[in-house]
Amino acid sequence: MAVYTWKGRNARGEAVNGQLEALTESGVADQLVAIGVAPVHIEVSATPATASADNWLAKMNRKPIVVEDILIFSRQMYTLNKAGVPILRAFAGLEASATKPAMVDMLKDIRSSLDQGRELSAALARHMPVFGAFYISMIKVGEMTGRLTEVFLRLNEHMEFERDVRERIKQAMRYPMFVMIAMVVAIVILNIFVIPVFAKVFAGFNAELPIITRGLLGFSSFMLAWWPLMLAGTVGAGVMIRGYLRTPNGRYRWDARKLKLPIIGVIVLKATLARFARSFALSSQSGVPLVQALTVVSQTVDNAFIGSRIEQMRDGIERGESISRCAAATGVFTPVVLQMISVGEETGELDNLLFEIADMYERETDYNIKGLSASIEPILLAVIGVLVLLLALGVFLPLWNMGQAAMGKGGG
């Protein structure tokens, strides 16, 4: 592909110019028309437009493609497909209007693949880490069934829900995390700067100190003497845990344990099952075979434990068992949901009932997220209260005892 320098006029008649990459001059003209620019002059550029940007510093500072970028891309593709814009012109317009370099490069590569005769799903599959297996599978189904426009809309709605859940959980956890970090910082400061001062004061008393005070002084001395080892141990433990969680067995065990955590576990379970129900309904409604749909959905629930249960459902369906029986065997669905799946299977309205199940889980997830902060705050207050009590007793109890002794001695 060559870089072309162009001049033209926009919709307001103003003169504009720039550079675009394309196979031919007509390709540049198509891109300009797609963004509302009437081309006046197009010629091959003597120097590539990206030559100065392709240095190592620019690559290091390049922002990666995030979920919001794919969300906007899905919405734009839905609008362009609905309006009847040809796929190549649609990608040319998106490439010309994109501002993030990583997004521009990806759209350029996809358009180049389409120019070479590849299908859209195959072109997107070249960027699997960005789109994911579920997204690409749904695009492939849309191509096969001729419902690509509807698939883009459904994918956009699906991604909006997932983003909304993640943002609400982050918002609910922001205050507790801030409090916990403040507590850790306060404990470190007290043990390094405050308690050693009291230790010097207590040393001059030449009296036996309470057990709480001895514990505080011992912990402070330990931190002062071994803080490099404690820091290295904490970092090493974090690296080891992170490496273990990246293994299939470690991720499976953590995902299973995560569902049993107090307060958080219920939210994770319901959000995961909502994602499963909506993904399964979307796949089934689009015409994906049940076995293939469950295979794809098991990779998109973002939980290895639930994913293994979905694969268990798939294996049961392959053996000829009913969906409701396979769902009951997983042990993760409530009786109400199992009953709805059974009714949907009998009436042929499984898709609609799965969407209702997804809506139900989403409402419950939303309700639990709203009460997350209220549930965590009493626990944080109790922990803070215990720490303050221990500090107060450890520091002021010896002073109180010495004061009482001095008053008794003076009175005698």
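Data block above holds the structure.
In this text, all values refer to a predicted model and were calculated from it rather than measured experimentally.

Draft legend 1. Local environment of the overall build of the protein chain. If you tally the helices and strands in the protein chain, you get 18 helices and three strands. Since a compact globule built from 412 residues should have a radius of gyration of about 22 Å, the 31 Å found for the protein chain marks it as more spread out than a globular shape. Counting over 412 residues, the protein chain shows a buried share of 36%. Taking the contacts inside the protein chain whose residues are at least 6 apart along the sequence as the reference set, 60% of them involve residues at least 24 apart. In the form shown here, the protein chain has an accessible surface area of approximately 23300 Å², with 62% of it arising from carbon and sulfur atoms.

Draft legend 2. Highlighting the side chain of T365. For T365, the location among the structural elements is in helix 17 (residues 350-370). Within polar-contact distance, the side chain of T365 engages the backbone oxygen of Y361 at 2.7 Å. Discounting residues that sit within four places of it in the chain, T365 has contacts with V165, I267, K270 and A271.

Draft legend 3. Structural context of the packing of helix 12 (residues 264-285) against helix 14 (residues 304-318). With their axes 11 Å apart at the nearest point, helix 12 and helix 14 run at an angle of 40° to one another. As judged from the angle between their axes, helix 12 and helix 14 are oblique. Crossing of helix 12 against helix 14: the hand is right-handed. Across the interface between the two elements, L269, T272, L273 and F276 of helix 12 pack against I306, I310 and M313 of helix 14.

Draft legend 4. Region of the structure containing the packing of helix 16 (residues 335-347) against helix 17. In contact at an axis separation of 8 Å, helix 16 and helix 17 are set at 160° when each is read in the N-to-C sense. The angle between helix 16 and helix 17 places the two elements in the roughly antiparallel class. Here helix 16 and helix 17 pass one another in a crossing that is right-handed. Between helix 16 and helix 17, the residues in contact are V337, M340, I341, V343, G344 and E345 and L350, L353, E356, I357, M360 and Y361, respectively.

Draft legend 5. Representation of helix 14 within the structure. When the terminal C-alpha atoms of helix 14 are compared, their 21 Å separation across 15 residues agrees well with the 21 Å that a helix rising 1.5 Å per residue should span. On the buried face of helix 14, the contacting elements are helix 11 (248-258), helix 12, helix 13 (290-298) and helix 15 (323-330). The opening residue of helix 14 is N303, an N-cap whose side-chain oxygen sits 3.0 Å from the backbone nitrogen of F305. G320 occupies a position one or two residues after helix 14 and carries a positive phi of about 100°.

Draft legend 6. Looking closely at the pattern of salt bridges. The final tally for this structure, using the stated rule, is twelve salt bridges. The shortest N-O distance in the salt bridge between E95 and R111 comes to 2.8 Å. With E95 in helix 4 (residues 87-97) and R111 in helix 5 (residues 101-115), this residue pair connects regions lying 16 residues apart in the sequence. Per residue, the accessibility class of E95 equals that of R111, and both read buried. With a shortest N-O distance of 3.7 Å, R154 and E157 are connected by a salt bridge. Of this pair, R154 and E157 both sit in helix 9 (residues 148-203), three residues apart, which is roughly one turn of the helix.

Draft legend 7. Focus on a nonpolar patch on the surface. Residues M177, M180, I181, V184, V185, V188, I189, I192, F193, V194 and L224 make up a contiguous nonpolar surface patch of roughly 920 Å² in combined accessible area. Considering every element that reaches the nonpolar patch, the biggest residue donor is helix 9, with ten residues. Residue position: V194 is located in helix 9.

Draft legend 8. The arrangement of the packing of aromatic side chains in detail. With the rule as written, the count across this model stands at seven aromatic pairs. Between F276 and F333, the aromatic rings sit 5.5 Å apart at their centres with planes inclined by 50°, giving tilted as the arrangement. Taken together, the residues F276 in helix 12 and F333 in the loop between helix 15 and helix 16 connect sequence positions 57 residues apart. For F276, a relative accessible area of 3% gives the class buried. An aromatic cluster is built from F73, F91, F131, Y135 and F152, whose rings are joined through pairwise contacts.

Draft legend 9. Highlighting the side chain of D69. Among the structural elements, D69 can be located in helix 3 (residues 67-82). For D69, a relative accessible area of 16% gives the class buried. If near-sequence neighbours (up to four positions away) are discounted, D69 is found in contact with P64, K100 and M103.

Draft legend 10. Here's a closer look at the nonpolar core. Counting 47 residues, the largest nonpolar core has F276, I306, M313, F333 and I357 as the members making the most contacts within it. Looking at this core, the elements that each hand over two or more residues are helix 9, helix 12, helix 13, helix 14, helix 15, helix 16, helix 17 and helix 18 (372-411). Residues contacting F276, with those up to four places away along its chain left out, are L294, V297, V301, I310, M313 and F333. Within the second largest apolar cluster, 28 residues are counted, among which are I139, L148, L155 and M159.

Analysis parameters
- Residues numbered from 1 in each chain as written.
- Predicted model: local features only at pLDDT ≥ 70, side-chain atom pairs only at ≥ 80, totals over all residues.
- Heavy atoms only, no water.
- Helix = DSSP H or I, 4+ residues; strand = E, 2+ residues; numbered from the N terminus.
- Rg over C-alpha atoms; globule rule 2.2 N^0.38 Å.
- Buried < 20%, exposed > 50% of the residue type's maximum accessible area, 1.4 Å probe, protein only.
- Contact = heavy atoms within 4.5 Å.
- Areas by Shrake-Rupley, 256 points an atom, 1.4 Å probe, with all protein chains shown as cover.
- Polar contact = N/O pair within 3.5 Å; in protein donor to acceptor, adjacent residues only side chain to side chain.
- Axes fitted to C-alpha atoms, helices over the stretch in contact; angles between N-to-C directions.
- Parallel < 35°, antiparallel > 145°, perpendicular 65-115°, else oblique.
- Left-handed = near helix turned anticlockwise from the far one by under 90°.
- Expected span 1.5 Å × (residues − 1).
- Salt bridge = Lys/Arg side-chain N within 4 Å of Asp/Glu carboxyl O.
- Patch = residues over 30% accessible without salt bridge, like charges linked within 9 Å, V, L, I, M, F, W, Y side chains within 5 Å.
- Phe/Tyr/Trp six-rings, centres within 6.5 Å; stacked < 30°, edge-to-face > 60°.
- Core = buried A, V, L, I, M, F, W, Y, C linked by side-chain atoms within 4.5 Å.

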